[in-house]
Amino acid sequence: MLLEIQQVSKQYKKDSWALQDINLQLKPGIVGLLGPNGAGKSTLMRILATISQPSNGTVSWNGEDIRKKPDELRRTLGYLPQDFGVYPHLNPVEFLEYVAALKGLDRSKIRPRILEILELLNLHDTLKRPIGSFSGGMRQRIGIAQALLNDPRLLIFDEPTVGLDPEERVRFRSLLTDLSGERVIILSTHIVSDIEATADQVAILSKGQLLTKSNPSQLLHNV
Ligand code: ADP
Ligand code: ADP
């Protein structure tokens, strides 16, 4: 499994680049994307998730340009957007059934998988409650759950720990580490300790440019 980002740039407006010439090669493991607001983290993640197109450059997954077969990539992709929204009147099972239908997952396998994921995220006591009544951390866990539904090989988490309380954050970190062996996982966060606890590699974005790629301990020794 290999995700290759080659010379990717994104321009939303004339004379203003949200991303400039990004090059990254990602093997299974966790890469943490750090950077201030406006650095381009969400833009890069949307491109990787095929929600947005780069202005220049290519992204390939296992050697194949993701623009050629986006549907194939989407089947093996899990994405938690930053502005993840739920349908407040649905309960977790109904919501995840809806997401599963959108992802074209095998109907006969959906129900057990949904229950498994809800259990994994410690949401199994809430199956009949509308998501609208959930705390911020529980909603965020629903967001994590929908990203994991299709057992993806490529996981893109945009600010996944926002809204989690300290205990949930620790659990999320251990879940990430459990998932990382056979998956390429990209997470953006403002919280350096999320990265320190989980990431094999850190990429720092600033003003649309990639400043460094290193391992977290190197990074933390240098700041
Ligand atoms: P981050 O996720 O690091 O906060 P973003 O990727 O959201 O950064 O934003 C990078 C830059 O691109 C910012 O200057 C932002 O204002 C701009 N931008 C992001 N999305 C859009 C959009 N849909 N249209 C126009 N400009 C955008
Ligand atoms: P315990 O505290 O005994 O480990 P829990 O029932 O509280 O068990 O949680 C079971 C599993 O659910 C944990 O091992 C963890 O992987 C997962 N989990 C719970 N909460 C979260 C969370 N917020 N984010 C990610 N995973 C979680």
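Above this text you will find the structure in question.
Since this is a predicted model, take the numbers as computed values, not measurements.

Peer 1: Break down the overall build of the protein chain for me, with residues and values.
Peer 2: Counting its secondary structure elements, the protein chain contains 8 helices and 10 strands. Computed over its C-alpha atoms, the radius of gyration of the protein chain comes to 17 Å, within 12% of the 17 Å expected for a compact globule of 223 residues. The principal-axis extents of the C-alpha atoms in the protein chain amount to approximately 50 × 40 × 35 Å. In the protein chain, which comprises 223 residues, the share counted as buried stands at 50%. A separation threshold of at least 6 residues defines the contact pool for the protein chain, and within that pool the share at least 24 residues apart is 67%.

Peer 1: Would you mind going over the site of ligand 2 in detail, with residue names and values included?
Peer 2: Looking at ligand 2, the residues that line it are Leu120, Leu121, Asn122, Arg141, Glu168, Arg171, Phe172 and Leu175. Interatomic distance of 2.4 Å between a backbone N/O atom of Leu120 and an oxygen atom of ligand 2. For ligand 2, an oxygen atom lies 2.7 Å from a polar atom in the side chain of Arg171. Expressed as a share of its isolated accessible area of 540 Å², the protein-covered part of ligand 2 is 64%. The greatest single-element share of the shell around ligand 2, amounting to 4 residues, is contributed by helix α6 (residues 166-179). Taken together, the residues of the shell around ligand 2 sort by class into 4 nonpolar, 1 polar and 3 charged.

Peer 1: An account of the side chain of Asp65 is requested, with residue identities and associated values reported.
Peer 2: Locating Asp65 in the fold gives a position in strand β5 (residues 64-65). Residue Asp65 is classed as buried on the basis of its relative accessible area of 17%. The residues contacting Asp65, other than those within four sequence positions of it, are Thr58, Val59 and Ser60.

Peer 1: Help me get a handle on the pairing of strand β7 (residues 154-158), residues and values and all.
Peer 2: Within β7, 5 of the 5 residues are buried, leaving the element largely enclosed by the surrounding structure. Residue alternation in β7 divides its side chains into two sets, Leu154, Ile156 and Asp158 and Leu155 and Phe157, and both sets are buried. Direction of pairing for strand β6 (residues 77-80) relative to β7: parallel, over a ladder of 4 bridges. Note that in β7 the partner of Tyr79 across the bridge is Ile156. Judged from the 5 bridges that link them, β7 and strand β8 (residues 184-188) form a sheet pairing that is parallel. Note on β8: the bridge partner recorded for Ile156 is Ile186. This β-α-β element, β7 to α6 to β8, shows right-handed connectivity.

Peer 1: Help me get a handle on the packing of aromatic side chains, residues and values and all.
Peer 2: The description of two aromatic rings rests on the distance between their centres and on the angle between their planes. Going through the model one piece at a time under the given rule, you end up with 4 aromatic pairs. Here Tyr87 and Phe95 contribute two aromatic rings whose centre-to-centre distance is 6.2 Å and whose plane-to-plane angle is 35°, an arrangement assigned as tilted. Given the relative accessible area of 37%, Tyr87 is considered partly exposed. Site record: aromatic cluster; members linked through ring pairs are Phe84, Tyr87, Phe95 and Tyr98.

Peer 1: Describe the pattern of salt bridges, listing the residues and the values that go with them.
Peer 2: For the coordinates displayed, the defined rule picks out 13 salt bridges. Note that Arg141 and Glu168 form a salt bridge whose closest N and O atoms lie 2.6 Å from each other. Here the residue Arg141 occupies a position in helix α5 (residues 136-148), and Glu168 occupies one in helix α6, the gap between them amounting to 27 residues. Taking relative accessible area as the criterion, Glu168 reaches 10% and is therefore assigned buried. In this structure, Arg171 and Glu167 form a salt bridge, with 3.0 Å as the shortest nitrogen-oxygen distance. Within this pair, Arg171 and its partner Glu167 are both found in helix α6, separated by 4 residues, close to a single helical turn. According to the relative accessible area criterion, Arg171 is partly exposed, its value standing at 44%.

Peer 1: Account for the site of ligand 1, naming residues and giving values.
Peer 2: Neighbouring ligand 1 are Tyr12, Ala18, Pro36, Asn37, Gly38, Ala39, Gly40, Lys41, Ser42, Thr43 and Arg46. Tyr12 has a polar side-chain atom sitting 3.4 Å from a nitrogen atom of ligand 1. At 3.1 Å from an oxygen atom of ligand 1 is found a main-chain nitrogen or oxygen belonging to Ala39. Here ligand 1, which alone exposes 560 Å², has 59% of that area covered by the protein. Take the shell around ligand 1: its biggest share by element is 4 residues, from helix α1 (residues 41-48).

Each value, and the rule that gives it
Residues numbered from 1 in each chain as written. Chains lettered and ligands numbered in written order. Predicted model: local features only at pLDDT ≥ 70, side-chain atom pairs only at ≥ 80, totals over all residues. Heavy atoms only, no water. Helix = DSSP H or I, 4+ residues; strand = E, 2+ residues; numbered from the N terminus. Rg over C-alpha atoms; globule rule 2.2 N^0.38 Å. Buried < 20%, exposed > 50% of the residue type's maximum accessible area, 1.4 Å probe, protein only. Contact = heavy atoms within 4.5 Å. Near = heavy atom within 4 Å. Polar contact = N/O pair within 3.5 Å; in protein donor to acceptor, adjacent residues only side chain to side chain. Areas by Shrake-Rupley, 256 points an atom, 1.4 Å probe, with all protein chains shown as cover. Nonpolar A, V, L, I, M, F, W, Y, C, P; charged D, E, K, R; others polar. Pairing = 2+ DSSP bridges. Right-handed = clockwise from strand over helix to strand, strands pointing away. Phe/Tyr/Trp six-rings, centres within 6.5 Å; stacked < 30°, edge-to-face > 60°. Salt bridge = Lys/Arg side-chain N within 4 Å of Asp/Glu carboxyl O.

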